Amino acid sequence: MEGKVVEVQAAWREGAHVDDAQYRAMYEASVSDPDAFWGEHGKRIDWMTPFTKVKNTSFAPGQVSIKWFEDGKTNVAYNCIDRHLETRGDQTAIIWEGDNPDESKHITYRELHAQVCRMANVLRNRGVSKGDRVTLYMPMIPEAAYAMLACARLGAIHAIVFGGFSPDSLASRIQGCTSKVVITADEGLRGGRKVPLKANVDEAIKRLGSDLVEHVIVVRRTGGSVAMEPGRDVYYDEAAEQVTDHCPAEAVEAEHPLFILYTSGSTGQPKGVVHTTGGYLVYASMTHQYVFDYREGDVYWCTADVGWVTGHSYIVYGPLANGATTLMFEGIPTYPSTSRFWEVVDKHKVNIFYTAPTAIRSLMGGGEGPVKKTSRQSLRVLGSVGEPINPEAWEWYYNVVGEQRCSIVDTWWQTETGGILITPLPGATALKPGSATRPFFGVTPEMVDAEGKVLQGPCEGNLCIADSWPGQMRTVYGDHERFEQTYFSTYPGKYFTGDGARRDADGYYWITGRVDDVINVSGHRMGTAEVESSLVAHPKVAEAAVVGYPHNVKGQGIYAYVTLNDGEEGDDALRKELVTWVRKDIGPIASPDLIQFAPGLPKTRSGKIMRRILRKIAEDDFGSLGDTSTLAEPAVVDDLIENRQNRP
Ligand code: WT7
């Protein structure tokens, strides 16, 4: 094989779900006869009405339509809870580890059932029924999972908004899917600091300036005092006392929406990604089992937040559908110390650990000491997700955290894909540090050049997927045309991921990053257009262009070029003001890292901003700007270089 290879260890193969030969055989079967393959694996979940049809999908221009198991009926909460009660009612479903290391609790499948039924009844009493949207703005507490599953139980559609988003962002998402009910908490708690969730909800509703939101359900987390609007707001514990813990699970069609999750793209406002019931759950549970080589009795921990798709598929739905014990962590990797992750691993004897490269890189900075003082003997599989993992971080994860004993799974996927698409399997795949390796069952990657020509063999190009898989998003909420336009029009007949990649001689994929105007900050997606429109809304700003640049810990940082209105002075005070402005407008994850005041931006004669040049300067790579002769005003480039902000 080409390049550095870490072979599958005998210990990883022992007891694993598949070895290399089995992977190859199953992969071949999955792509040569998807109907037969998924018809079989579709039975891994329980159906109230069994399906007879399996795959009915088209990527054809103008008629994109994706349906899996369409005549079957099932319920996600039933599959994640009820069907386990007989065999594992007393097994822990969720281990909750609080921000404060002295706080943790175990919730059994039986308790989960009672809690979810209660939450479902509280919702039903407030008029929530099948198809209604419910917005969740929650901290990482068990009630977040209860609320998701309670919606699923009723056939209601949850739309989670990450707690780090601002009131404005929350407002536009509530409006976008017209939620009449919001579930939140008084305050969140992260790294010892309080997050004013309820106050943000109040602010968001005020900005909506309508009576769209009829009910706000407030879980008490910190007990901090918050304003309660009579008739609209209710504390969850008080409402829960009024209902029973019995609530039947509604059988819904396989294609009934399970959730909406907003995600950033290269243009316009965030899109509401729609995932449905049957195919999504089959795919989330199957990938959870095979990718992490999940085994009966394992304790599994994904450090993501439920506000992102990783939390949906790999904290809640995949693991619970498999009857696993899933750990939910309220805190952050550095509180109270940088040993926290590994202390939690030891405390709960975690076998499978799944995190993001940005967390690994930030902990690497603290050296081996904080890791070495913990045991970590329980660990078997280490996962990575969210952005390319650089080989140095991979080696540290493998050598220091895993002590060369654990397999590493670098999992590539997207909010849109519902589950993992390209990944090693622990018992099967020889590893290469920095490569997400090979496609999961049923996934057909295709590399194309800029003209859309399909490339063969080793190559570099744009990553597409040729055919549908069950976990794929079905539409953009309320805008199917935008769905087709965004994902199926660049290379007609294929799903375009927005990522660039390299395929090596062994058929391994190396994701190189986004090729569109999306940047990946600490594993979170941010549209440059969103940050730009926030900046230009500031009264002193005339124009703004935002690009990503390499950042040691975050992967990519946000670099903003800002042209001020005539007469305005760009100084550090204004830089601070603009950062605060964007944080308030979108949320802390959108904070620009570097702001350069520029008297002019490089534009073509037709007025198009030449981002290629801005990216190069932001990368501190201005020696190779390429052809600048087509610029309307070539002289602006000299000023941009002279005043560049990213200097070593
Ligand atoms: C984008 C999707 C899906 C989980 C969290 C992010 C990048 C994700 C990897 C990986 C290289 C990766 C891609 C992708 N990405 N995982 N293992 N290696 N890049 O979800 O916010 O929808 O972002 O994250 O660029 O397109 P998301």
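Values in this document were obtained by computation on a predicted structure and should not be read as measured data. (Residues numbered from 1 in each chain as written. Predicted model: local features only at pLDDT ≥ 70, side-chain atom pairs only at ≥ 80, totals over all residues. Heavy atoms only, no water.)

A. Inspection of the site of the ligand at higher detail. Taken together, 17 residues sit near the ligand, with Asp 410, Thr 411, Thr 415, Asp 499 and Arg 525 positioned nearest. Within the backbone of Pro 388, a nitrogen or oxygen atom sits 3.4 Å from a nitrogen atom of the ligand. Separating an oxygen atom of the ligand from a side-chain N or O atom of Arg 514 is a distance of 2.9 Å. Isolated, the ligand exposes 560 Å² of accessible area, and the fraction of that covered by the protein chains is 96%. Among the secondary structure elements, those contributing two or more residues to the shell around the ligand are helix H12 (309–321), strand E20 (407–411) and strand E25 (509–514). When the residues that make up the shell around the ligand are grouped by side-chain class, the tally is six nonpolar, six polar and five charged. (Near = heavy atom within 4 Å. Polar contact = N/O pair within 3.5 Å; in protein donor to acceptor, adjacent residues only side chain to side chain. Areas by Shrake-Rupley, 256 points an atom, 1.4 Å probe, with all protein chains shown as cover. Helix = DSSP H or I, 4+ residues; strand = E, 2+ residues; numbered from the N terminus. Nonpolar A, V, L, I, M, F, W, Y, C, P; charged D, E, K, R; others polar.)

B. Layout of the packing of helix H14 (residues 357–364) against helix H16 (residues 391–401). Where H14 contacts H16, the axes come no closer than 10 Å and their chain directions differ by 75 degrees. Viewed along their axes, H14 and H16 adopt a mutual orientation that is roughly perpendicular. Where H14 abuts H16, its residues Ile 360, Arg 361, Leu 363 and Met 364 lie against Glu 392, Ala 393, Trp 396 and Tyr 397. Considered class by class, the residues forming the contact of H14 with H16 number six nonpolar, no polar and two charged. (Axes fitted to C-alpha atoms, helices over the stretch in contact; angles between N-to-C directions. Parallel < 35°, antiparallel > 145°, perpendicular 65-115°, else oblique. Contact = heavy atoms within 4.5 Å.)

C. Fine view of the environment of Arg 133. Tracing the backbone through its elements, the reader meets Arg 133 in strand E6 (residues 133–137). Spatially, the C-alpha atoms of Arg 133 and Val 637 are 49 Å apart, while their sequence positions differ by 504 residues. Look past the residues within four positions of Arg 133 in its chain and what remains in contact with it is Ile 157, Cys 177, Thr 178, Ser 179, Lys 180, Val 181, Ile 260 and Tyr 477. At 3.0 Å, the side chain of Arg 133 and the backbone oxygen of Gly 131 are in polar contact. A polar contact of 2.8 Å, which involves the side chain of Arg 133, links it to the side chain of Thr 178.

D. Inspection of the UniProt feature "binding site: CoA" (unreviewed entry) in the protein chain at higher detail. Summarizing the sequence annotation, UniProt attributes the feature "binding site: CoA" (unreviewed entry) to Arg 190, Gly 191, Gly 192, Arg 193, Thr 310, Ser 522 and Arg 583 in the numbering used throughout. Spatially, the listed residues are scattered: they cover 394 residues, and their C-alpha atoms lie as much as 23.9 Å apart. A relative accessible area of 12% places Thr 310 in the buried class. Among residues more than four places away in sequence, those in contact with Thr 310 are Cys 302, Ala 304, Ile 315, Tyr 354, Val 385 and Trp 413. Along the chain, the position of Ser 522 falls in the loop between strand E26 (518–521) and strand E27 (524–527). Relative accessible area serves as the criterion here: at 21%, Ser 522 is assigned to the partly exposed category. Beyond its immediate stretch of four places on either side in the chain, Ser 522 contacts Thr 358, Glu 387 and Lys 554. (UniProt positions renumbered as here; feature names shortened; annotations may be inferred. Buried < 20%, exposed > 50% of the residue type's maximum accessible area, 1.4 Å probe, protein only.)

E. Structural detail: the domain arrangement of the protein chain. When its domains are assigned, the protein chain resolves into domain 1 (33–74 + 442–514) and domain 2 (522–643). The gap between the C-alpha centroids of domain 1 and domain 2 is 34 Å. (Domains from an automatic or database assignment.)

F. Inspection of H14 at higher detail. Summarising burial for H14: six of the eight residues are buried, a large majority. Listing the buried residues of H14 in full gives Pro 357, Thr 358, Ala 359, Ile 360, Arg 361 and Leu 363.

G. Layout of the packing of helix H18 (residues 528–536) against helix H19 (residues 572–585). Two elements in contact, H18 and H19, have axes whose closest approach is 9 Å; the angle formed by their N-to-C orientations is 120 degrees. Classified by the angle between their axes, H18 and H19 sit oblique to one another. You can see that H18 and H19 cross each other, and the crossing is right-handed. Across the interface between the two elements, Val 531, Ser 534 and Leu 535 from H18 touch Leu 578, Trp 581, Val 582 and Asp 585 from H19. Counted by class, the contact of H18 with H19 contains five nonpolar, one polar and one charged residues. (Left-handed = near helix turned anticlockwise from the far one by under 90°.)

H. Representation of the side chain of Ser 166 in the model. Position of Ser 166 among the secondary structure elements: in the loop between strand E7 (157–160) and helix H8 (167–176). With residues near it in sequence (within four places) discarded, Ser 166 still touches Arg 583, Lys 584, Asp 585, Ile 586 and Gly 587.

I. Molecular detail of the pairing of strand E28 (residues 541–551). The sheet contact formed by E28 and strand E29 (residues 555–564) spans ten bridges and is antiparallel. Within the sheet, the bridge partner assigned to Ala 544 lies in E29 and is Val 562. The turn linking E28 back onto E29 is made up of three residues. (Pairing = 2+ DSSP bridges.)

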